[in-house]
Amino acid sequence: MQVDVSRALKDPGQTYSFEATARIEDMEFLDDPVSFSDIRVSGDMIGTTVGVRVNAHVSGEVSSRCALCLSPVRQPIEADIEALFSREPDPEDPDQLPLEGYRMETDELAREALVSALPMRFLCSPDCKGLCPVCGANRNISPCTCQEGGPRQSPFSALSHLLTEDEEV
Ligand SMILES: [Zn+2]
Ligand SMILES: [Zn+2]
C-alpha cells in the first residue's frame, strides 16, 4: 500500500506516525511454500534532506508447512524494521528504498521485515512426531506399528541425512 509522506517531507525533523497494510507475494523459503496475510505496518516517519526515515513494526500471519509432518502451519509473525525511503536510494544498501513522488510503498518494507523474521523451519507443534520413515504415516494422526531401528536408523544413513541438510542451507 502507498502511504503519503508529503507532511514529513515538508517538515524535516518532525516525527509523524502512520498505519498501513501491505501485501507480500507468495514465495518459496528454504524449499517451503510461504504465504503472508493480514499484514499491518505501523510506525513513525521523519523527513530528512534526502527522503523519509521510517521506524516500523510489521505484524501478520504466515502460512507454511510443518518440516516434520508436512501438514499446514499458520502462525503469527512480527518484526521491527528501520529503512530510508530516498529520492535516490543507494542500490548497494538494502535498507534504502525508493520514494515514489510523495509516497512510500509499504509492501517492500513489510517483505524485508517479515522475511528476516521467518523461522528456519515451521513446526505444527513443538512435539510433532513427524512422518514414519518406513511407511510414511503421519504419526500425530495414526501411530503405526513399524519397528524403530530400520535402515534409516543406522549411523551411516543418519550421517548422510545430516550432510544433505547442510547442503540445503
Ligand atoms: Zn508436524
Ligand atoms: Zn510406519
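This write-up is about the structure you can find in this document. (Residues numbered from 1 in each chain as written. Chains lettered and ligands numbered in written order. Predicted model: local features only at pLDDT ≥ 70, side-chain atom pairs only at ≥ 80, totals over all residues.)

1. Quick word on the overall build of the protein chain
Where we set the bar: In this description a helix means any DSSP run of H or I spanning at least four residues, a strand means any run of E spanning at least two, and both kinds are numbered starting from the N terminus. Partly exposed residues are those falling between the two cut-offs: more than 12 but fewer than 20 other C-beta atoms within 10 Å of their own, whereas 20 or more means buried and 12 or fewer means exposed, with C-beta atoms placed from the backbone.
The secondary structure content of the protein chain amounts to three helices and eight strands. A buried classification covers 22% of the 169 residues belonging to the protein chain.

2. As for the nonpolar core
Which entries qualify depends on this criterion: What we call a nonpolar core is a set of buried Ala, Val, Leu, Ile, Met, Phe, Trp, Tyr and Cys residues whose membership is set by joining through C-beta atoms within 7 Å. Residues are treated as contacting if the C-beta atoms built from their backbones sit within 7 Å of each other.
Judged by nonpolar contacts, the single largest core of 26 residues is most densely connected at V41, V52, V58, F85, L109 and A110. Contributions of two or more residues to this core are made by β2 (15-22), β4 (32-47), β5 (51-65), β6 (72-86) and α2 (106-116). With five residues, the top contributor of residues to this core is β5. Setting aside its immediate chain neighbours within four residues, V52 contacts V5, A8, L9, M45, I46, G47, F85, L99 and M104. Among the nonpolar cores identified, the runner-up in size contains five residues, and C66, C69, F122 and C124 belong to it.

3. Notes on α2
The following threshold applies: An arc is given here, and it is the one of the directions from the helix axis to the C-beta atoms.
Within α2 the residues assigned to the buried category are T106, L109, A110, A113 and L114. When α2 is viewed along its axis, its buried side chains cluster within an angular range of 115 degrees and face the same direction.

4. Topic: the environment of S59
Along the chain, the position of S59 falls in strand β5. What makes S59 partly exposed here is the crowd of 18 C-beta atoms within 10 Å. Expressed as a C-alpha distance, the spacing of S59 and A113, which sit 54 residues apart in the sequence, is 9.2 Å. Residue contacts for S59: discarding those within four places in its chain leaves R40, P76 and E78.

5. Let's talk about the environment of I141
Relative to the assigned elements, I141 resides in the loop between α2 and α3 (155-168). I141 gets classed as exposed once you count the C-beta atoms within 10 Å, which come to 9. When the C-alpha positions of I141 and L131 are compared, they lie 9.7 Å apart, and in sequence the two are 10 residues distant.

6. So, the pairing of β4
As a reminder, the rule being used: Paired strands, as defined in this entry, are two strands with at least two bridges between them according to DSSP.
Bridge count between β2 and β4: eight bridges; the pairing is antiparallel. Across the sheet, residue A22 finds its bridge partner in β4, namely I39. Relative to β4, strand β3 (residues 27-29) is paired through three bridges, and the arrangement is antiparallel. Following the sheet pairing, E28 is matched in β4 by P33. Here β3 folds back onto β4, and the loop between the two strands holds two residues, one of which, L30, carries a positive phi near 50 degrees. In this structure, β4 lies alongside β5, joined through 11 bridges in antiparallel fashion. Each residue of the ladder has a partner; that of S42, found in β5, is H57.

7. Quick notes on the environment of L123
With respect to the secondary-structure elements, L123 resides in the loop between α2 and α3. Considered as a pair, L123 and S71 are 52 residues apart in the sequence and their alpha carbons are 8.9 Å apart. Among residues more than four places away in sequence, those in contact with L123 are C66, A67, L68 and C128.

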